[in-house]
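# Structure assessment
Now for the letters of each chain:
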Amino acid sequence: MADGDEEWDRLMRAAAEDRAEDYWRDRDVRRVLPELRSSGRLRLRAVPWGLFFHAYGPADDVPRLIEGLRDPDEAAASRSLSELWNAVRHQGGSSAPAALAVPFLLRTAADAGAHGRADVLLLAAEAGHRNHFGRDRRQDLLQVVELPDEMIIDGAGYPVPWVWQAAREALTDDVALLIGLLDDAEPAVRAAAAYALATALEPPPSVEAALRARLDVEEDPAVRISLVLAVTQLAIEGSQAGPAVAWTERLWGDEQNSIDVRFAAALAWLCATPDPPPQRLLELLAEATTPEMEQVMLAVPWPDDIDGHGGLASWLVTFVDGAPDVRAWLAARLSAAPSAATTRSALEAALSLAYEWRSASDGMIDLIASHLTHPVPTVRQAAARYLAAAGEVPESASDRLAEVVEHDDDEVRAWAVLALAHRGDARAVNPLSELFRQPHPPWPAPRHWKELKYQALCLVDRLVSHSDELMPAILYRLTGNRSSGWQRLWHDLLCGLQGGVPMTVVKGRGEVGRASCRGASRRGRRSGVGPGR
């Protein structure tokens, strides 16, 4: 066996036996930067990069990438940042070189001539953060690292808590630089500076004082939200959640404050206490959730991916967490918003609730169904699509679906028919046959289907008693064009046919029959909106 393989086996045995710390003792990233600082040698090329690993191997390339951040060519600097981020903060996880890069990233961000300074500063802060895995909930939005009850290692077997500690200590060592960036001319840099200061490990009192002082004069909404979250996070980290609850309650309860400050304070209040949210706070959240606020929140560093969660309304319903009745109320309230984008986002939240909580399922499905005739096309199309994704809907929703199978909106009509078919509703038979015979699909291209929340379902397994009526159209669809938007429907048909319609369809040189149906069935079958809780 090669020496490298033997070394890897030794590392893996150490990790399995919870001895990863012993293995890496001589390469403790927490000692590197302090030793360089104390000896006056904190220079980029003085760091022993080659002793540490990022996602793609030894970190010898990190100095070159950090130097590339100051390239006068904006595109070249952006490429260096992208490559560096992907290597040291790969898929949301920090490796040791991320912590070692912090002081140099901070100095690049402080250079007014550098490109992408806010993103460089964010990378320095993210180095000290746990992987959120795309989840933003009230109990963890302001949680910097994982609780110290278990050892976490990265892909190279390195102890990740060491990385977090080293990165956060490096931020603390440069709080003076970060405090100066709170007055930067770029709002994005000021927001990122607040995020970085909140990440610092046991920072001096001057940090909170600087954040509060900046909040008093700040004019940018995204930065104001960032400052409120930063002050609250520091209080929680410092075991001062009680005062933070009182402070944020005063902020969100004062109608003289700007709506963004009140919104931020409401979010921070939820993070600082496990208490159920008062009705007045929920009303404030609903009032503040607008397309304008969504754009502001996209510039706040804390949320993981508001767009990826379906918009601010959907993100917020997930964030509130806790009892399903509170989240269901908020989803319903937001679905009545004057903005079509907010309504659509709220309906996505309702679908998620229906999947997650059996007790909320029927109510949320009925809420979605009530928007099938919404005057805005994107809203009624989303409502129909989410119902098609929900499996077997309750009878009350099926009646609403039957009312729109003749809708003049082709996409609404098509999704409504699929939703009825999943229920085994006889009212789906004729329009389903018509749908199968259409030359072009009435929904977006396949690349959008994941965004549309539609998953493969067994389409006709509950319509076996109507197989004679449906079979000509089914054969037409299965032997016809399977390109573009018909591809998913083709798989759904095969899955459904596994439910009991005997057939073998020959197309060209291939055969689509029982074997393919079984393969489609293995990809997953859902009748109803999930097991619930």
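All values derive from a computational prediction rather than experimental measurement.

A few words now on the overall build of the chain. Across its full length, the chain holds 27 helices and four strands. A total of 533 residues make up the chain; the buried ones form 54% of that total. Put simply, of all contacts in the chain between residues at least 6 apart along the chain, 67% involve residues at least 24 apart. Here the chain displays about 23,000 Å² of accessible surface, and carbon together with sulfur accounts for 49% of that area.

Here the focus is helix H20 (residues 358-369). For H20, built from 12 residues, the straight-helix expectation of 16 Å at 1.5 Å per residue is met to within 8% by its first-to-last C-alpha distance of 17 Å. Restricting attention to buried positions, one finds in H20 the residues Ala360, Ser361, Met364, Ile365, Leu367, Ile368 and Ala369. Buried positions along H20 lie against helix H18 (324-335), helix H19 (340-356), helix H21 (377-389) and helix H22 (395-403).

Within this structure, the stated rule accounts for four cavities of 30 Å³ or more. Size it by volume and the second largest cavity reaches roughly 50 Å³. What lines the second largest cavity is simply Val29, Arg30, Leu33, Pro34, Arg37, Ala166, Glu169, Ala170 and Asp173. The element contributing the most residues to the lining of the second largest cavity is helix H3 (residues 29-38), with five residues.

This next bit is on the packing of aromatic side chains. Describing an aromatic ring pair means giving the distance of the ring centres and the angle of the ring planes. Across all of its chains, the model carries six aromatic pairs by this definition. Considering the side-chain rings of Phe52 and Tyr158, the 6.1 Å spacing of their centres and the 75 degrees angle between planes classify their relative orientation as edge-to-face. You can see Phe52 sitting in the loop between H3 and strand S1 (53-54) and its partner Tyr158 sitting in the loop between helix H7 (117-126) and helix H8 (160-173), a full 106 residues away along the chain. Residue Phe52 is classed as buried on the basis of its relative accessible area, which comes to 2%. Look at Trp252 and Trp269: their rings are 6.5 Å apart centre to centre, the planes differ by 85 degrees, and that puts the pair in the edge-to-face class. Here Trp269 lies in helix H14 (residues 259-272) and Trp252 lies in helix H13 (residues 241-253), a separation of 17 residues in the sequence. Judged by relative accessible area, which is 3%, Trp252 ranks as buried.

As a further point, take the environment of Ala166. Along the chain, Ala166 falls in helix H8. For the pair Ala166 and Asp28, spaced 138 residues apart in sequence, the C-alpha to C-alpha distance is 9.3 Å. What Ala166 contacts, discounting residues up to four positions off in sequence, is Val29, Arg30 and Ala99.

Close approach of charged atoms allows side chains with opposite charge to pair. Considering all chains together, one arrives at 28 salt bridges under this definition. Ionic pairing is found between Arg168 and Glu237, a salt bridge with its closest N-O pair at 2.8 Å. Of this pair, Arg168 sits in helix H8 while Glu237 sits in helix H12 (residues 221-237); the two residues are 69 residues apart in sequence, bridging distant segments of the chain. Salt-bridge contacts for Glu218 lead to Arg214; the nearest nitrogen and oxygen are separated by 2.9 Å. Under the relative-accessibility criterion, Glu218 is labelled buried at 5%. What you see here is one network of salt bridges that share partners, running through Arg37, Arg107, Asp173 and Asp174.

Between its first and last C-alpha atoms H12 spans 24 Å; for 17 residues at 1.5 Å apiece the expected length is 24 Å, and the two agree. Burial runs high along H12: 14 of the 17 residues are buried. Where H12 begins, the side chain of Asp220 points an oxygen toward the backbone nitrogen of Ala222, at a separation of 3.1 Å. Positioned one or two residues after H12, Ser239 has a phi angle of 60 degrees, which is positive.

Let us look at unusual backbone geometry. Positioned with a positive phi, Gln91 is a non-glycine residue whose angle comes to about 50 degrees. For Gln91, the position within the fold is in the loop between helix H5 (74-88) and helix H6 (96-109). Relative accessible area serves as the criterion here: at 67%, Gln91 is assigned to the exposed category. If you check the backbone angles, Glu202 has positive phi at about 45 degrees while not being a glycine. With respect to the helices, strands and loops of the structure, Glu202 is situated in the loop between helix H10 (187-199) and helix H11 (205-217). You can call Glu202 exposed: its relative accessible area is 72%.

Across the interface, helix H15 (residues 279-288) lies against H18 with an axial gap of 10 Å and an inter-helix angle of 35 degrees. The two elements H15 and H18 meet at a crossing, and its hand is right-handed. Contacts between H15 and H18 pair Gln279, Leu282, Glu283 and Ala286 from the former with Val326, Trp329, Leu330, Arg333 and Leu334 from the latter. Counted by class, the contact of H15 with H18 contains six nonpolar, one polar and two charged residues.

Attention now goes to the confidence of the model for the chain. Taken residue by residue, the chain gives an average pLDDT of 86. The fraction at 70 or more is 85%. Considering only residues more than four positions removed or in separate chains, one finds that residues 500-533, a stretch of pLDDT under 50, has 69 contacts.

In this fold, Glu411 is placed in helix H23 (residues 410-423). Here Glu411 is in contact with Gln381, Arg385, Pro442, Trp443 and Pro444, once residues within four sequence places are set aside.

On to the environment of Leu298, then. Its location among the elements puts Leu298 in the loop between helix H16 (291-297) and helix H17 (312-320). When the C-alpha positions of Leu298 and Leu312 are compared, they lie 9.0 Å apart, and in sequence the two are 14 residues distant. When near neighbours in sequence (up to four residues on either side) are disregarded, Leu298 contacts Ile306 and Asp307.

Time to look at the nonpolar core. With 169 residues, the main nonpolar core has Trp49, Leu121, Leu211, Leu285, Met297 and Leu432 as its most contacted residues. With 11 residues, the top contributor of residues to this core is H14. Sequence-distant contacts of Leu211, defined by excluding residues within four places in its chain, comprise Leu182, Ala194, Leu197, Leu227, Ala230, Val231 and Leu234.

One way to put it is that H18 packs onto H19 with a least axis distance of 8 Å and a crossing angle of 155 degrees. Relative to H19, H18 is oriented roughly antiparallel. Taken as a pair, H18 and H19 cross one another with a handedness that is left-handed. Across the interface between the two elements, Arg327, Ala328, Ala331, Leu334 and Ser335 from H18 touch Thr342, Thr343, Ala346, Leu347, Leu353 and Glu356 from H19. Considered class by class, the residues forming the contact of H18 with H19 number six nonpolar, three polar and two charged.

Scoring rules and cut-offs
Residues numbered from 1 in each chain as written. Predicted model: local features only at pLDDT ≥ 70, side-chain atom pairs only at ≥ 80, totals over all residues. Heavy atoms only, no water. Helix = DSSP H or I, 4+ residues; strand = E, 2+ residues; numbered from the N terminus. Buried < 20%, exposed > 50% of the residue type's maximum accessible area, 1.4 Å probe, protein only. Contact = heavy atoms within 4.5 Å. Areas by Shrake-Rupley, 256 points an atom, 1.4 Å probe, with all protein chains shown as cover. Expected span 1.5 Å × (residues − 1). 1 Å grid on protein atoms, 1.4 Å probe; cavity = no way out; pocket = protein on both sides within 12 Å on 5 of 7 lines; lining within 4 Å. Points joined across faces, edges and corners; volume = space filled by probe spheres on them. Phe/Tyr/Trp six-rings, centres within 6.5 Å; stacked < 30°, edge-to-face > 60°. Salt bridge = Lys/Arg side-chain N within 4 Å of Asp/Glu carboxyl O. Polar contact = N/O pair within 3.5 Å; in protein donor to acceptor, adjacent residues only side chain to side chain. Axes fitted to C-alpha atoms, helices over the stretch in contact; angles between N-to-C directions. Left-handed = near helix turned anticlockwise from the far one by under 90°. Nonpolar A, V, L, I, M, F, W, Y, C, P; charged D, E, K, R; others polar. pLDDT = per-residue confidence, 0-100. Core = buried A, V, L, I, M, F, W, Y, C linked by side-chain atoms within 4.5 Å. Parallel < 35°, antiparallel > 145°, perpendicular 65-115°, else oblique.

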